[in-house]
Amino acid sequence: MLRNTFELKAMDTIVRIEGTPVVDNDQWAQEIMGWFDDYENICSRFRLTSELSKLNQAPSDSVIVIHPTLFEILQKAMHYAVETDFYFNPFIGTALKALGYRTTFNELRNSENVYSDSYSFDMQRDESLVLIPEITAVIKKMNIEIDLGGIAKGWSVDKVKSMLLSQGIEEGIVNAGGDLFVWGDTERTIGLSHPEDIEKDIIQFNIRNGGVATSNTIYRSWLTDGKRFHHILDGRTGQSSSNDVVQATAFSINATEADILAKILCMLPSQEAIPWLEKYFPHASCILIKNDGKVVISQSIKTYISRLVM
Amino acid sequence: MKQNKWLKWIVGIGGISTFTLFLQTIEATNQSDSAGDYAVNHSLKVLNQERTPLATKTELREQQLMTLDWSEADWDVEFTNDVIIAIPRAEQSTNKVSNNIPQTKQPVKSPVEDRTRRS
């Protein structure tokens with residue numbers, strides 16, 4: 001069967017989209033490219049003129065009207081912050097900058113002058129950001145910066161999937177740098193990259209429907225003042241997590257949730273990660289890779305995949 | 001009186017025997033159910049975990065069926081109620097990387113168009 005396929009560069013990664021049946025390829029490709037352009041101008045903390053950067057610079061205790069897209073993603077972020085008791089915490093922008101992550105990771109990786117700032121981490125709560133949906137406005141109750149890195153890719157995958165469905169794409173895949181969503185009747189074989197070599201698969205699995213995302217603590221890491229940090233900060237402490245999980249792949253009902261869960265699963269020791277997932281997100285599943293080489297797969301993986309090869 | 005005493009002994013022993021037989025029957029049934037469906041070929045072990053098929057075509061498709069293949073040269077696999085644990089056979093594996101995670105032999109897997117990976 002003929003398929004629509006195309007790739008574009010967005011969010012510092014490659015987004016691959018494929019779907020059937022064939023529709024007017026040019027129109028929906030243009031629409032999606034335009035959407036990603038707008039999305040980065042709205043949600044990237046690395047663009048000084050983005051809506052998010054302006055919000056981060058705005059004073060607290062003021063009503064700030066924001067773009068509807070930013071409002072929508074903040075709403076989703078706050079929902080998951082509360083659901084995960086702030087393990088997922090969108091208010092870690094200031095902590096990330098204090099630990100040295102002030103630019104895109106590509107720039108950070110090539111930088112020779114990465115320094116840290118002293119920083120006092122205050123625990124956030126659901127009242128840290130007041131949402132006013134009637135006028136798509138927010139009130140910051142704390143003067144700290146928001147970072148949407150833990151949700152942005154997964155959320156964009158879900159939005160693009162919705163756009164494709166509305167265009168009549170009945171089955172397909174959207175893959176944004178490894179955060180993906182698959183839908184339809186056709187099973188697809190997906191590779192799970194080796195933690196240290198993304199071109200090789202440690203596992204392959206067959207899936208028809210669901211969101212999948214992978215995080216690891218090896219790649220996005222950097223040295224600051226001689227100490228190694230990575231980008232997955234425990235939302236409750238503001239510190240780079242340190243445990244035996246080096247890579248986590250989460251499966252869930254959408255890519256947004258899978259993206260968030262993959263990060264949280266990297267924050268928890270392996271002995272706690274799967275029980276935590278089973279307790280708070282029983283419909284989700286995961287594959288963990290530990291620092292001793294062991295691979296731990298939750299039995300609920302059968303909900304999402306039909307075959308797993310390793 | 002003596003007869004009553006013997007009668008009580010016979011009833012008691014008979015009851016215990018019956019109950020023991022009943023438990024053994026239950027256990028035998030469980031063992032035959034969980035004997036599993038192991039199919040072994042030359043280089044791969046395949047474990048099929050099936051549940052009772054459901055009525056409709058959609059439900060049949062959605063049943064919790066999963067096939068797990070692993071290369072015996074690279075992994076030992078253990079199963080519990082909650083998790084499946086694959087333990088690298090470090091002494092057998094080639095292309096071992098610094099943190100002991102083996103890169104399994106490529107012929108086991110086919111090229112894929114999509115991967116999930118760290119971003």
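Just above, that's the structure.
Keep in mind that this is a model prediction, so the values were computed, not measured.

What follows deals with the interface of chain B and chain A. With 42 residues of chain B in contact, the opposing surface of chain A contributes 61 residues. A buried area of about 4,400 Å², summed over both sides, lies between chain B and chain A, and 50% of it is on carbon and sulfur atoms. Per-residue buried area on chain B facing chain A is highest for B:R115, B:T116 and B:R118; these three make up 18% of the total on that side. Counting the contacts that link chain B with chain A gives four salt bridges.

On to the pattern of salt bridges, then. Using the criterion set out here, one finds 15 salt bridges over all chains in the structure. A:R16 is the partner of B:D114 in a salt bridge, and the nearest nitrogen-oxygen pair spans 2.6 Å. Of this pair, B:D114 sits in strand β6 (residues 114-116) while A:R16 sits in strand β2 (residues 13-20), placing the two residues on different chains. An identical accessibility class is assigned to B:D114 and A:R16; each is buried. The salt bridge involving A:K141 is made with A:D61; its shortest N-O contact spans 2.8 Å. With a gap of 80 residues between them, A:K141 in the loop between β5 (137-140) and α6 (152-166) and A:D61 in the loop between α2 (51-57) and β3 (63-65) connect regions that are remote in the sequence. It is possible to trace a salt-bridge network through shared partners that takes in A:R16, A:E18, A:R188, B:E113 and B:D114.

With that settled, the discussion passes to the nonpolar core. All names here are of chain A. Among the nonpolar cores identified, the biggest contains 73 residues, and I17, I32, F36, L70 and L148 are the most heavily contacted of them. The dominant element in this core, judged by the number of residues it contributes, is helix α7 (residues 255-267), at nine residues. Those residues in contact with I32, other than ones at most four positions away along the chain, are F6, L8, I17, V160, M163 and L164. I202, V246, I297 and Y304 belong to the second-largest nonpolar core, a separate cluster that totals 28 residues.

Working note: α-helix, 3.6 residues per turn, so residues spaced by three or four point in the same direction. Residues and elements named next belong to chain A. Taking 1.5 Å per residue, 16 residues should reach 22 Å; helix α3 (residues 68-83) reaches 23 Å between its end C-alpha atoms and fits that length. Among all positions of α3, only T69, L70, F71, I73, L74, A77, M78, Y80 and A81 are buried. Of the residues flanking the end of α3, it is D85, one or two places downstream, whose phi is positive at about 55°.

Criteria and thresholds
Note that residues are indexed from 1 along each chain, following the sequence as it is written. Following the order in which they are written, the chains are lettered starting with A and the ligands numbered starting with 1. Only residues with pLDDT of at least 70 get local features here, since the model is predicted, and only at 80 or more are side-chain atom pairs given and counted; chain-wide, interface and lining totals rely on the full set of residues. Only hydrogens and water are removed before side-chain values are computed, so all heavy atoms of the structure are retained for them. Should any heavy atoms of two residues lie within 4.5 Å, those residues are considered in contact. Buried area is a sum: the accessible area each of two parts loses on coming together, probed at 1.4 Å, counted once for each and added. Any carboxyl oxygen of Asp or Glu within 4 Å of a side-chain nitrogen of Lys or Arg constitutes a salt bridge here. Strands are runs of DSSP state E lasting at least two residues, helices are runs of H or I lasting at least four, and both sets are numbered from the N terminus onward. Relative accessibility under 20% of the residue-type maximum defines a buried residue, over 50% an exposed one, and the middle range a partly exposed one, all with a 1.4 Å probe and only protein chains included. In this description, a nonpolar core means a group of buried Ala, Val, Leu, Ile, Met, Phe, Trp, Tyr and Cys residues linked to one another through side-chain atoms lying within 4.5 Å. To estimate the expected span of a helix, subtract one from its residue number and multiply by 1.5 Å.

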